[in-house]
Amino acid sequence: MPPRRAVTGRSQEPRQRYVEELRLLRAQKGDTLRQLGDVLGWDWSLFGKMEKGETLGGPEVAQALDQHYGTSGLLLTLWELAAADPTQFRERYRRYMTLEAEALSMWHYGVSTVHGLLQTASYAHELLSAGGLGGEQLARQVEARKGRRTLLDGDDTPRFRTILSEAVLRTPLADAAEWRKQLELLLDMSERPNVMVQVVRHAVGLHALSNTDTTFLRLPDGRTVAWVETGYSGELVEETAAAERLQLSYDLVRDLALSPVDSRKFIRQLLEEASCEPST
């Protein structure tokens, strides 16, 4: 069934509506893409990609366009709706994404990869590509993953804790420079008051979540649900007793992890080691 359209004839699907407004406003203003780039200071190709739906751009771009067109926050509002729209994600993840956007707090344990909220674009691209995505679908999913990080931006944001197996930090990207950027992002995010990053060293041995990548979401209604994931599928655990059993395992793993301060020292040490290695 095609997306429902209102009396304006414009799409009610957030991402498509954003694209339509961008095209319409530029046409009304009479700007070319190159003129828009010259006036606002971004490469004109960015605006072309935004009008094709290949990228949303950042909130600062939407704000600059609002000012240029005199639209009083319209484009920033549409950007926020598009960035939060669960339909941009693959269908099997949409229920989780909806709950993630509502969560008051999130706790994560990562077996082998960085959580999506803390991934650089290059990390997301390489990870999703390894999972079999390509072409336009890959570009859209990388963009969607980048947009998720806005959940951790601003004043009224959920508290987020990620506990990473040392294996996550010992599995670099193919591009050494991009891997350094990923480690730098982890350090930068760990300095935020609402974000906590901890590391479980190899030396602790086997534990309750040794092969289970898990995220817990505390929801406004007081429930806590769990998302258990592999590289190929995920399961949302909403039954209270099952979620509580998983959370007990998480608590036991947290007791084994380095403190946030020592975790930052460990990541910084890995960053220094990576910076000393010659790029290939």
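Residues numbered from 1 in each chain as written. Predicted model: local features only at pLDDT ≥ 70, side-chain atom pairs only at ≥ 80, totals over all residues. Heavy atoms only, no water.

Q: Which parts of the structure should I look at to understand the nonpolar core?
A: If you look at soluble globular proteins, the nonpolar side chains tend to sit buried side by side. Judged by nonpolar contacts, the single largest core of 34 residues is most densely connected at L118, L152, L169, L183 and L217. Looking at this core, the elements with two or more residues in it are α6 (94-102), β2 (159-165), α9 (166-169), α10 (176-190), β3 (195-200), β5 (224-229) and α12 (260-276). Ranked by residues supplied to this core, first place goes to α10 with six residues. Those residues in contact with L118 that lie beyond four places of it in its chain are L152, F160, T162, Q182, L185, L186, M189 and V197. Ranked by size, the runner-up nonpolar core spans 20 residues in total, among them Y18, L40, L78 and A82. (Core = buried A, V, L, I, M, F, W, Y, C linked by side-chain atoms within 4.5 Å. Buried < 20%, exposed > 50% of the residue type's maximum accessible area, 1.4 Å probe, protein only. Helix = DSSP H or I, 4+ residues; strand = E, 2+ residues; numbered from the N terminus. Contact = heavy atoms within 4.5 Å.)

Q: Please explain empty space enclosed by the protein as it appears in this structure.
A: Think of a ball as big as a water molecule: rolled over the atoms, this probe shows where empty space is left. A complete count under the given rule lists one cavity of 30 Å³ or more for this structure. Taken together, L22, L36, F47, M50, E51, L65 and Y69 make up the full set of residues lining the largest cavity. Looking at which element gives the most residues to the lining of the largest cavity, the answer is helix α3 (residues 44-52), with three residues. When its residues are assigned to classes, the lining of the largest cavity shows six nonpolar, no polar and one charged. (1 Å grid on protein atoms, 1.4 Å probe; cavity = no way out; pocket = protein on both sides within 12 Å on 5 of 7 lines; lining within 4 Å. Points joined across faces, edges and corners; volume = space filled by probe spheres on them. Nonpolar A, V, L, I, M, F, W, Y, C, P; charged D, E, K, R; others polar.)

Q: Looking at this model, I keep getting lost on the pairing of β5. Mind explaining?
A: The side chains of a regular strand alternate between both faces of the sheet. By the bridge criterion, six bridges tie strand β4 (residues 213-218) to β5 in an arrangement that is antiparallel. Looking at the pairing, D213 lines up with E229 of β5. The antiparallel pairing of β4 with β5 creates a hairpin that spans five residues between the two strands, and G222 there sits at a positive phi of about 95°. Across four bridges, β5 lies against strand β6 (residues 234-237) in antiparallel orientation. Along β6, the bridge assignment pairs V228 with E235. (Pairing = 2+ DSSP bridges.)

Q: Please clarify how the pairing of β2 should be interpreted in this entry.
A: Buried residues dominate β2, accounting for six of its seven residues. Sheet topology note: the strand β1 (residues 105-110)/β2 ladder contains six bridges and is parallel. When the bridges of β2 are listed, G110 appears paired with L164. Summarising the sheet, β2 and β3 pair through six bridges and their orientation is parallel. Bridge pairing links I163 to Q198 in β3.

Q: Hey, could you run me through the environment of S105 in this one?
A: Here S105 shows up in strand β1. When the C-alpha positions of S105 and A176 are compared, they lie 33 Å apart, and in sequence the two are 71 residues distant.

Q: What's the story with the sheet that holds β4 in this structure? I'm lost.
A: Working definition: the strands of a sheet are paired by backbone hydrogen bonds and lie parallel or antiparallel to each other. The mixed open sheet is built from six strands, whose spatial order is β3-β2-β1-β4-β5-β6. Strands at the two margins of the open sheet, each flanked by one partner only, are β3 and β6. This sheet shows a mean twist of 15° between the axes of neighbouring strands, independent of strand direction. The strands touched by α6 within the sheet are β1, β4, β5 and β6, with β4 carrying the most contacts at an inclination of about 50°. (Axes fitted to C-alpha atoms, helices over the stretch in contact; angles between N-to-C directions.)

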